[in-house]
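# Summary of the model geometry
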Amino acid sequence: MASAQALQHVLMKYPKELLADWVQLQLSAGTARTDLMREGELREQSREFLTLVAQAAATGDTENVTGTVWAPVREFLAGISRSRALQGFTPTETATFVFSLKQPLFTRLRAEQSRDAEALAASLWEATVLLDKLGLLTAEMYQKNREEVISRQQQELLELSTPVVKLWDSILALPLIGTLDSERTQVVMESLLQKIVETGAAIAIIDITGVPTVDTLVAQHLLKTVAAARLMGADCIISGIRPQIAQTIVHLGVNLSEVTTKATLADAFLIALRRTQARLPGATAS
Amino acid sequence: MDRIPILKLDAFLLVTIQVDMHDRLAMQLQDDLTARIVATRARGVLIDISTLEIVDSFIGRMISNIAAMARVLDAETVVVGMQPAVAITLVELGLSLEGVRTALNVDKGMALLRERVHSESLP
């Protein structure tokens, strides 16, 4: 019996036994992560994988896993590596899903070809090469999926960054969302100052409704931004100060007395309208 | 030796800093400016630094000092046209130019000065 035929033979002849052994092995090996995935789901995935591999191997082409014959297997592996990347499996755990098939498969091959050592070695080698390729493919796809997740998150973070909105003639608003660290403050400051130059704004409203916590560092960053805007000739109003944050600011001893502060953006906008009207004759605020 | 020209417009003095400031130039400017304020009885000084791209702590101090000197001579100083990068540098250096009025451009700076003179000329 040729080695490729032995592999096909085992896959076709003992699908139920292979599946049972394999699932049992995965569950006992501790890489199944029953906390992330139910046993039934694992059994279903294992069954589908075995079926697809058997179908592909039945064509006799076990060398070339990048060929069209193996396309369904590749798709399936892409699917599970995607779902496992999202579920929080490690790369090892994901690749082990494929590699763990070796043991039950080898056991079956040995039982089939117990008399011919040479043929057994050949079919074992073939099965090893095939499963290694599939396992590496899985790891590669897992990696790709993780990278996609990371790049999507980066994109989302970028979108969350800092828009400077023009509210009215010479009034800008800067709604801040998320924590303010030094790096972000730099970006915020630069984009605000640039926008002040572009629009010739006289007043900038910094709205901190979306800033979850204000500690001394964040307060210092805010004051720096206000000072820089003042140097450019624009006044700043800080709005959106929540009750807890007002308490924190006082407890921390942060001095915001030199900055106009308002509880809501609406109040800040109102006072900004009044001020620009008083200062710039010709501006009309109804 | 080059000097920074000081222009007189109504009751105000205009200074445009267009060259890289170095220490001696800055001292010369202080001398010239205080002398001109006294000579012309100027009520306000407008310093345009829109072409200034590099500042250090010395320049920051110099601007503060000029403003303080002018205030002693009863003239108000407005600094106009500061570049964003310059503003950030000054803030990072801890120089927020307390007591100096600022405006985005010459128009707005002149409006500030006129407003002050106007309010003081009322009986």
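The shown structure was predicted, so the numbers you read here are calculated from the model rather than taken from an experiment. (Residues numbered from 1 in each chain as written. Chains lettered and ligands numbered in written order. Predicted model: local features only at pLDDT ≥ 70, side-chain atom pairs only at ≥ 80, totals over all residues.)

## What about the overall build of chain A?
Applicable threshold: In this description a helix means any DSSP run of H or I spanning at least four residues, a strand means any run of E spanning at least two, and both kinds are numbered starting from the N terminus. Neighbour density around each residue's C-beta defines its exposure: 20 or more other C-beta atoms within 10 Å make it buried, 12 or fewer make it exposed, and counts between make it partly exposed, where C-beta atoms are placed from the backbone. Note on contacts: residues are paired as contacts if their backbone-placed C-beta atoms lie within 7 Å.
Along its length, chain A carries 11 helices and five strands. Taken over 286 residues, chain A has a buried fraction of 33%. For chain A, the proportion of contacts with a sequence separation of at least 24, taken over those separated by at least 6, is 76%.

## Here's the deal with the overall build of chain B
A tally of regular secondary structure across chain B gives four helices and five strands. Residue pairs at least 24 apart in sequence account for 77% of intrachain contacts in chain B once pairs closer than 6 positions are excluded.

## Thoughts on the interface of chain A and chain B
Filter applied, for reference: When residue character is reported, Ala, Val, Leu, Ile, Met, Phe, Trp, Tyr, Cys and Pro are called nonpolar, Asp, Glu, Lys and Arg charged, and the others, Gly included, polar.
Taken together, the contact pairs 15 residues of chain A with 14 residues of chain B. Among the secondary structure elements, those contributing two or more residues to the side of chain A that touches chain B are helix H8 (182-199) and helix H9 (216-231) of chain A. Looking at the side of chain A that touches chain B element by element, the count peaks at six residues for H8 of chain A. Partitioned by chemical class, the residues of the side of chain A that touches chain B number nine nonpolar, three polar and three charged.

## Examining the sheet that holds strand E1 (residues 165-168) of chain A
Residues and elements named next belong to chain A. As a reminder, the rule being used: Any two strands are treated as partners once DSSP identifies two or more bridges connecting them. Where helices are involved, their axes are fitted lines through C-alpha atoms of the stretch in contact, as for all axes, and angles between N-to-C directions lie from 0 to 180°.
Strand order in the open sheet formed by five strands is E1-E2-E3-E4-E5, with mixed pairing between adjacent strands. Single-partner strands in this sheet number two, and they are E1 and strand E5 (260-261). Of the pairings in the sheet, the one linking strand E4 (residues 235-239) to E5 comprises two bridges and is parallel in character. Bridged to Ile238 within E5 is Thr261. Helix-sheet contacts for H8 involve E1, strand E2 (171-177) and strand E3 (203-210), and the interaxial angle to E2 is about 165°. Here H9 sits on the sheet in contact with E3 and E4, set at roughly 150° to E4.

## Details of unusual backbone geometry
Residue and element names in this part refer to chain B. The backbone of Arg41 shows a phi angle near 55°, a positive value even though the residue is not glycine. Looking at the element boundaries, Arg41 is found in the loop between helix H1 (23-40) and strand E3 (44-48). Using a count of 11 C-beta atoms within 10 Å as the deciding quantity, one classes Arg41 as exposed. We note that Asp74 has phi near 60°; this positive angle belongs to a residue other than glycine.

## Describing the environment of Gly109 of chain B
Residues and elements named next belong to chain B. Assignment of secondary structure puts Gly109 in helix H4 (residues 106-121). Each C-alpha atom of the pair Gly109 and Ile47 lies 9.0 Å from the other, and the pair is 62 residues apart in sequence. Each residue touching Gly109, except ones within four places of it in the same chain, is listed here: Leu46, Val78, Val80 and Ala103.

## Some remarks on H8 of chain A
The criterion, for reference: Helix span is expected to be 1.5 Å times the residue number reduced by one. Here the arc refers to the directions that run from the helix axis out to each C-beta atom.
The terminal C-alpha atoms of H8 of chain A lie 26 Å apart, and with 18 residues this matches the ideal 26 Å at 1.5 Å per residue to within 8%. Among all positions in H8 of chain A, only Val188, Met189, Leu192, Leu193, Lys195 and Ile196 of chain A are buried. Buried residues in H8 of chain A, looked at end-on, bunch into an arc of 160°, giving them a common side. Pointing more than 90 degrees away from the buried face of H8 of chain A are the exposed residues Glu183, Val187 and Glu198 of chain A. Next to the buried residues of H8 of chain A lie E2, E3 and H9 of chain A together with helix H3 (84-92) of chain B. Just past H8 of chain A, the residue Gly200 of chain A takes up positive phi, approximately 65°.

## Side note on the pairing of strand E1 (residues 6-9) of chain B
Residues and elements named next belong to chain B. Direction of pairing for E1 relative to strand E2 (residues 12-16): antiparallel, over a ladder of four bridges. Each residue of the ladder has a partner; that of Leu9, found in E2, is Phe12. Between the antiparallel neighbours E1 and E2 lie two residues, among them Asp10 with a positive phi of about 50°.

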